[in-house]
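# Topology and contacts: notes
As a plain string of letters, each chain reads:
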Amino acid sequence: MRSARARNAYTRRTISHRLGVDRMIAINTPLDLILDASTKIGAYSRVFLDRPNNCVCKLFKSEGFAELFGYDGEPLGDAKRRAIFGAEVEAYQIAGSSEELRSLVAKYLGLCTIGSVRDADGVDKSGAFLLDQCYALEMLQGDEGKFDPQGKTLIQDWEDIREKFENAGIRVSDASVFRLRDGSVKLIDITTANPWEL
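The paragraphs below set out a description of the structure included in this document. Counting restarts for each chain, with residues numbered from 1 along the sequence as it is written. For this predicted model, a pLDDT threshold of at least 70 governs which residues receive local features, and a threshold of 80 or more governs which side-chain atom pairs are given and counted, while totals over whole chains, interfaces and linings are taken from all residues. Only hydrogens and water are removed before side-chain values are computed, so all heavy atoms of the structure are retained for them.

## Examining helix α4 (residues 158–167)
Residues spaced three or four apart along an α-helix point in a common direction, a consequence of the helix completing one turn every 3.6 residues. Note the following rule: Burial classification: accessible surface area is computed with a 1.4 Å probe over protein chains only, and a residue below 20% of its type maximum counts as buried, one above 50% as exposed, and the rest as partly exposed. Only DSSP runs of H or I covering at least 4 residues are called helices, and only runs of E covering at least 2 are called strands; the numbering of each starts at the N terminus. The directions from the helix axis to the C-beta atoms are what the arc is built from. The contact criterion used is simple: two residues touch if any of their non-hydrogen atoms lie within 4.5 Å.
Considered for burial, the residues of α4 that qualify are W158, I161, R162 and F165. Here the buried residues of α4 occupy an arc of 100° about the axis, which is enough to place them on one side. Tucked inside the fold, the buried residues of α4 contact α3 (151–154) and β10 (185–188).

Right, dumping it as structure tokens:
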């Protein structure tokens, strides 16, 4: 498996090639994010809604955000958080290049450049985040649950879908699943390695 640094370099080259220069310009324009009630809270990140562009930005927290602990009870440092980010991006790239999996995940839109993060009162909270560890996905709306075990009630062929991802080297044990209004399902929070494996 690639190191986190190698994964991030690979990711940036691949996104530039796949999305083209115009799309990269849009993604690399520094975004100023606001922490408000619409921000979704994750274990290692915050998810910011960009309703005008119908996408979300998943930005990873830094050690300055809060004390997070790994599965071994040790504090989760920035290096480990960067590795988790890299494994998630790699999973979306694999799924996006697979005819079999592409329709089963939220569309990966590439890496984002974050200029600043402020709270609703305008106070700068940028130091609480790894501003270079952010990616964008299409915004999904529908019934949401964890893939395991709640996904069994949302997905008819749950076992078959799990096997397809595992065969591609993608872990879905901690993924979430959306059942969309048209009845289709899409996963988010996929990864090529669980946090305790990094």
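## Considerations on the sheet that holds strand β5 (residues 108–111)
Convention followed: DSSP-based pairing: two strands are paired if at least 2 bridges between them are found. Each axis is a line fitted through C-alpha atoms, taken for helices only over the stretch in contact, and angles between the N-to-C directions span 0 to 180 degrees.
Taken together, the 5 strands give an open sheet; going across it, the order is β2-β3-β4-β7-β5, and neighbouring strands pair in antiparallel fashion. The open sheet is flanked by β2 (40–41) and β5, the only strands paired with a single partner. Across the sheet, helix α2 (residues 78–96) touches β4 (55–61), β5 and β7 (129–138), and the angle it forms with β7 is around 20°.

## Some thoughts on the pairing of strand β9 (residues 176–180)
With 4 of 5 residues buried, β9 lies mostly within the body of the structure. Strand direction decides the pairing type here: strand β8 (residues 142–146) and β9, joined by 5 bridges, are antiparallel. Each residue of the ladder has a partner; that of G145, found in β9, is V177. Bridge analysis of β9 against β10 gives 4 bridges, and the strand direction is antiparallel. Looking across to β10, one finds that F178 is bridged to K186.

## Observations concerning the environment of R181
Residue placement: R181 occurs in the loop between β9 and β10. Taking the C-alpha atoms as reference, R181 lies 9.9 Å from L140; in sequence the two are 41 residues apart.

## What to know about the side chain of D50
Counted only if it meets this: Here a polar contact is recorded for every N or O atom pair within 3.5 Å, except that within protein the pair must consist of a potential hydrogen donor and a potential acceptor, and residues adjacent in sequence are included only if both atoms are side-chain atoms.
Residue placement: D50 occurs in strand β3 (residues 45–50). Polar side-chain contacts of D50 include one of 2.8 Å to the side chain of N53. Excluding its chain neighbours within four sequence positions, the residues that come into contact with D50 are C55 and M139.

## Some points on the environment of E138
With respect to the helices, strands and loops of the structure, E138 is situated in strand β7. Sequence-wise, E138 and D50 are 88 residues apart; in three dimensions their C-alpha atoms are separated by 9.5 Å. The contact partners of E138, leaving out residues within four places of it in the chain, are N54, C55, V56, V105, A106, K107, L109 and K186. A polar contact of 2.8 Å, which involves the side chain of E138, links it to the backbone nitrogen of K107. A polar atom in the side chain of E138 sits 2.8 Å from the side chain of K186.

## Describing the sheet that holds β10
Read across the open sheet, the 3 strands follow the order β8-β9-β10; overall the sheet is antiparallel. The sheet is open, and its two borders are formed by β8 and β10, each paired with just one other strand. In this sheet, adjacent strand axes meet at a mean angle of 25° when their direction is disregarded.

## A few points about unusual backbone geometry
Backbone geometry places N54, a non-glycine residue, at a positive phi of 55°. Structurally, N54 can be placed in the loop between β3 and β4. Among the residues examined, N54 registers a relative accessible area of 47% and is labelled partly exposed. Positive phi is not limited to glycine here, since D189 has a value of about 60°. Overall, D189 belongs to the partly exposed group, its relative accessible area being 26%.

## Some thoughts on the nonpolar core
Using the following cut-off: We call a set of buried residues a nonpolar core when its members are Ala, Val, Leu, Ile, Met, Phe, Trp, Tyr or Cys and they connect through side-chain atoms within 4.5 Å of each other.
Of all hydrophobic cores here, the largest spans 37 residues; its most connected members are Y135, F147, F165, L187 and I190. For this core, the secondary structure elements donating two or more residues are β4, α2, β5, β7, α4, β9 and β10. If you tally residues by element for this core, the top one is α2, at 6 residues. Discounting residues that sit within four places of it in the chain, Y135 has contacts with V56, C57, K58, F60, F85, E88, V89, Y92, Y108, G110, L111 and C112.

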